[in-house]
Structures are given as C-alpha cells and as structure tokens.
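Architecture at a glance
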Amino acid sequence: LVSCDPGQEFQDGECVDCPAGQYSESGPSSCTPCPLNTFSSETGSSVCEACADGGYTDQEGASSASLCKVDGGFGPWSPPTRCTKLCNGGEQERQRICDSPAPQNGGLECQGDSTETMACNTEQCQLEIYDNDNWDDQREDDITETTNIRGGVTSVKA
C-alpha cells in the first residue's frame, strides 16, 4: 500500500491533495468530507476546523467558514420607558436587539419578541378637587396642594 502525506489521498497512481471541504489523516487513507459543524477551506487539509461562535453547517463537506451559519441571539432588555399614566393603569415598554450574536451566513433570526409591553402604576388615582371655600375643612398634612387655573385648589392625597 502507498502511504500519502496527511491531507492527501492516493488516486490514479499518485498522491493528490484533498479538495477543500475534505480532509485525510496520515497513512493510506482517502479524503473524507468534513463532518457537520466543521469546514476545510484549503486543499490538502489534514483536519477540519470547527465553526466559530456556535456556528453550524447543514451538510458535511463545508469548504468555507462562510458556510457556517450562526443563529441570532437577543441582547439584554433595555430599561423600560416611562409609564404612560401616573395612576389607574398605564403601560411601559422595553426592547432588546438581536445582536448577541447577530444572525450570520443564513442563520436564523432571533426567536421571540423584541418588544415587551408591561402594566405599570396600576393603583387607583386618589384625586380630589376642592374649591377655595372648602379648603379649611381638610387637614393640611394629609394633602399636597397645587393651584389650578381657575383659582381653585387641586389636591392629591399623600
């Protein structure tokens, strides 16, 4: 038996390099397609390289790193937006971006929602309006006052 160098196989009476996407170990072996999730971009390879960043291939014999797909993953949630209401139930929103990692080489987009809406300030408003004539009937330490446009006093119970 003829023994060829690693990355070669015996073919038609001589040792020839394995094509890209295939490899061979030392000894009398023939070229073999790179297994799933690996690639060989050069001819005459004795090993196949693993796809980086959790990448994967759809078939054996990948001949380029660009055939390694990387599925997208979401980054962290953003801080929530300001609540749309001070009381009686409002909404706030937060977002996340598909960039950890971003999809590459035909990998899948992120799965799930990129925006989330949440309830906020769900407690009932405690709003009471008093005119100036009834102000003295209220205990001042129970209320915070603001003067409204018509001269009346609007208060919110503390």
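Before any of the text, the structure's been laid out above.
Overview of the structure. Residue indices follow the written sequence of each chain, beginning from 1 at its first position. In view of the model being predicted, local features appear only for residues whose pLDDT reaches at least 70, and side-chain atom pairs are presented and counted only at 80 or more, with totals across whole chains, interfaces and linings using the full set of residues. As a rule here, side-chain values cover all heavy atoms of the structure and leave hydrogens and water aside.

**Here we look at the overall build of the chain**
Working definition: helices are DSSP H or I runs of at least four residues, strands are E runs of at least two. Numbering for both runs from the N terminus. Regarding its fold elements, the chain presents zero helices and eleven strands. Mapped from its N terminus to its C terminus, the chain presents α and β elements in the order β-β-β-β-β-β-β-β-β-β-β. Categorising residues by exposure relies on relative accessible area from a 1.4 Å probe, with only protein chains included: less than 20% of the type maximum marks a residue as buried, more than 50% marks it as exposed, and the intermediate range marks it as partly exposed. By residue count, 25% of the 158 residues in the chain fall in the buried class. By sequence separation, contacts in the chain at least 24 residues apart represent 42% of the contacts at least 6 residues apart. Shrake-Rupley sampling with a 1.4 Å probe provides the accessible areas, and residues are treated as covered by the protein chains on show and by no other component. Within the structure as shown, the chain displays about 10700 Å² of accessible surface, and the carbon and sulfur contribution to it stands at 46%. Residue contacts follow a heavy-atom distance rule, with two residues in contact if any of their heavy atoms lie within 4.5 Å.

**Some points on unusual backbone geometry**
For the peptide bond that leads from S100 to P101, omega is 0°, which places it in the cis range. Tracing the sequence through the fold places P101 in the loop between β7 (90–95) and β8 (115–120). Despite not being glycine, D12 shows a phi value in the positive range, around 55°. Tracing the backbone through its elements, the reader meets D12 in the loop between β1 (8–11) and β2 (14–17). On the accessibility criterion, D12 (76% relative accessible area) is exposed. Non-glycine residue N121 carries a positive phi angle of around 45°. You can see N121 is positioned in the loop between β8 and β9 (127–130). In this structure N121 comes out as partly exposed when scored by relative accessible area, which is 29%.

**Side note on the environment of V47**
If you trace the backbone, V47 turns up in the loop between β5 (38–39) and β6 (49–50). On the accessibility criterion, V47 (56% relative accessible area) is exposed. In this structure the C-alpha to C-alpha distance between V47 and G7, which are 40 residues apart in sequence, comes to 7.7 Å. Sequence-distant contacts of V47, defined by excluding residues within four places in its chain, comprise Y23 and S40.

**A short note on the packing of aromatic side chains**
Classification of ring pairs uses Phe, Tyr and Trp, with its six-membered ring standing for Trp, and accepts pairs whose centres are within 6.5 Å; under 30 degrees between planes counts as stacked, over 60 as edge-to-face, and the remaining range as tilted. Counted under the stated rule, the structure contains zero aromatic pairs. One residue, R96, lies across the ring of F74, its end atom 3.9 Å from the ring centre. Charges are assigned to positions over rings by a cutoff of 6 Å between ring centre and Lys NZ or Arg CZ, combined with an angular limit of 35 degrees from the ring normal.

**Here's the deal with the pattern of salt bridges**
Every case where a carboxyl oxygen of Asp or Glu lies within 4 Å of a side-chain nitrogen of Lys or Arg is listed as a salt bridge. If you walk through the whole model with that rule in mind, you get two salt bridges. Among the salt bridges present, the one from D58 reaches K69, with a minimum N-O distance of 2.4 Å. Linking D58 in the loop between β6 and β7 with K69 in the loop between β6 and β7, this pair joins segments that are eleven residues apart in sequence. We classify D58 as exposed; its relative accessible area is 55%. Two residues, E116 and R94, come together in a salt bridge whose shortest N-O distance is 2.6 Å. Here R94 lies in strand β7 and E116 lies in strand β8, a separation of 22 residues in the sequence. Its relative accessible area of 28% is what places E116 among the partly exposed residues.

**Considering the environment of V2**
Residue position: V2 is located in the segment before β1. For V2, a relative accessible area of 40% gives the class partly exposed. As for V2 and C15, which are separated by 13 residues in sequence, their C-alpha atoms are 8.6 Å apart.

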